[in-house]
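What follows is the residue order along each chain.
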Amino acid sequence: MSTVIAFLGLGHMGGPMAANLAAAGHDVRGFDVVPASLDQAREKGITVAESAADAVAGASVVVTMLPSGKHVLDCYADVVPAAGAGTLFIDSSTIDVADARTAADVARAAGHRAVDAPVSGGVGGATAGTLTFMVGGDDAAVAEANPLLEIMGRKIVHCGQSGNGQAAKLCNNMILGVSMIAVSEAFVLGEKLGLTNQALFDVASTASGQCWALTTNCPVPGPVPTSPANNDYTPGFAAALMRKDLGLVSEAVRANGVEAQLGMLASAMYEAYAAEHGDKDFSGIVQDIRERSGGTA
């Protein structure tokens, strides 16, 4: 059954996600402040609205994929009053847990339903419809959201109450940031010790060092042909986004009194790396580590 969906935020992630919903036969009405994103959306069968509020009018579901918690809260302030009674709000942005809970409260106070559903999988996963969704919200709202999430993703995990989807996303990305740095440092050390990158990969990918940062998003060219390292670090997940996510992690670590030395160090390292290379894939940090280590042996 076709559903009228307002999709707000049609960038690198939101655009492909909205396109998958349209390809599945849903009536998707999109809005973005970037004209190029609107042009691409039209080519994918998405009806482009003149404003976010126009997109929401008449929709039974509103999906947001926006850069920050402030953007989400500002958007909700604009569109919640324009939504019909009982609209389902799905926020797939990566934002602070407190902002996610505030957004859900705003929607519910107006008589709507709300879930936070941040994603993992990057642009490739958004395009292929293989994202992982980490979902927070009550059982009924999550059950209503699931059929749409299943179009855009391959795995949906209900993590608990509102905000818990964001909590899971931040913890996951702390693991990812730390593991990418560890994998990158290991490759640079291997180079210094005379190992080829392929030899190290062949060992670690089938031994205790195996992880996603190694076997899927390998930071050096060669071992994994589909990794961004083989395409001049054109981002699947940009360093600027990792900096943003680890910034949220560091705020959560401080606010909750957690002893997380590696998470905080990873945040500082990506803060420095993304200041100059934010448009590169986050795995490109291996180049920075190599340069600070005196270059390749």
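Values in this document were obtained by computation on a predicted structure and should not be read as measured data.

J.: Please provide a residue-by-residue account of the nonpolar core, values included.
T.: Counting 36 residues, the largest nonpolar core has Ile181, Phe187, Leu214, Met242, Tyr270, Phe282 and Ile285 as its most contacted members. Counting residues per element, the ones that place at least two in this core are α8 (164-192), α9 (197-204), α10 (212-215), α11 (239-256), α12 (261-277) and α13 (285-292). Considering each element in turn, this core owes the most residues, 7 residues, to α8. Ranked by size, the runner-up nonpolar core spans 30 residues in total, among them Met17, Val115, Val119 and Val135.

J.: A description of the pattern of salt bridges should follow, citing residues and the corresponding values.
T.: Within this structure, the stated rule accounts for 8 salt bridges. Taking the shortest distance from any N to any O, the salt bridge between Arg29 and Asp27 comes out at 3.0 Å. The residue Glu144 makes a salt bridge to Arg113 at a minimum N-O spacing of 2.6 Å. Note that Glu144 is positioned in helix α7 (residues 139-152) and Arg113 in strand β6 (residues 113-116), a separation of 31 residues in sequence.

J.: An account of the side chain of Thr94 is needed here, citing residue identities and associated values.
T.: Relative to the helices and strands, Thr94 resides in the loop between β5 (88-91) and α5 (97-109). The class for Thr94 is buried, based on a relative accessible area of 8%. At a separation of 2.7 Å, a polar atom in the side chain of Thr94 contacts the side chain of Lys169. Discounting residues that sit within four places of it in the chain, Thr94 has contacts with Pro67, Pro118, Gln166, Lys169, Leu170, Lys244, Asp245 and Leu248.

The rules we used
Residues numbered from 1 in each chain as written. Predicted model: local features only at pLDDT ≥ 70, side-chain atom pairs only at ≥ 80, totals over all residues. Heavy atoms only, no water. Core = buried A, V, L, I, M, F, W, Y, C linked by side-chain atoms within 4.5 Å. Buried < 20%, exposed > 50% of the residue type's maximum accessible area, 1.4 Å probe, protein only. Helix = DSSP H or I, 4+ residues; strand = E, 2+ residues; numbered from the N terminus. Salt bridge = Lys/Arg side-chain N within 4 Å of Asp/Glu carboxyl O. Polar contact = N/O pair within 3.5 Å; in protein donor to acceptor, adjacent residues only side chain to side chain. Contact = heavy atoms within 4.5 Å.

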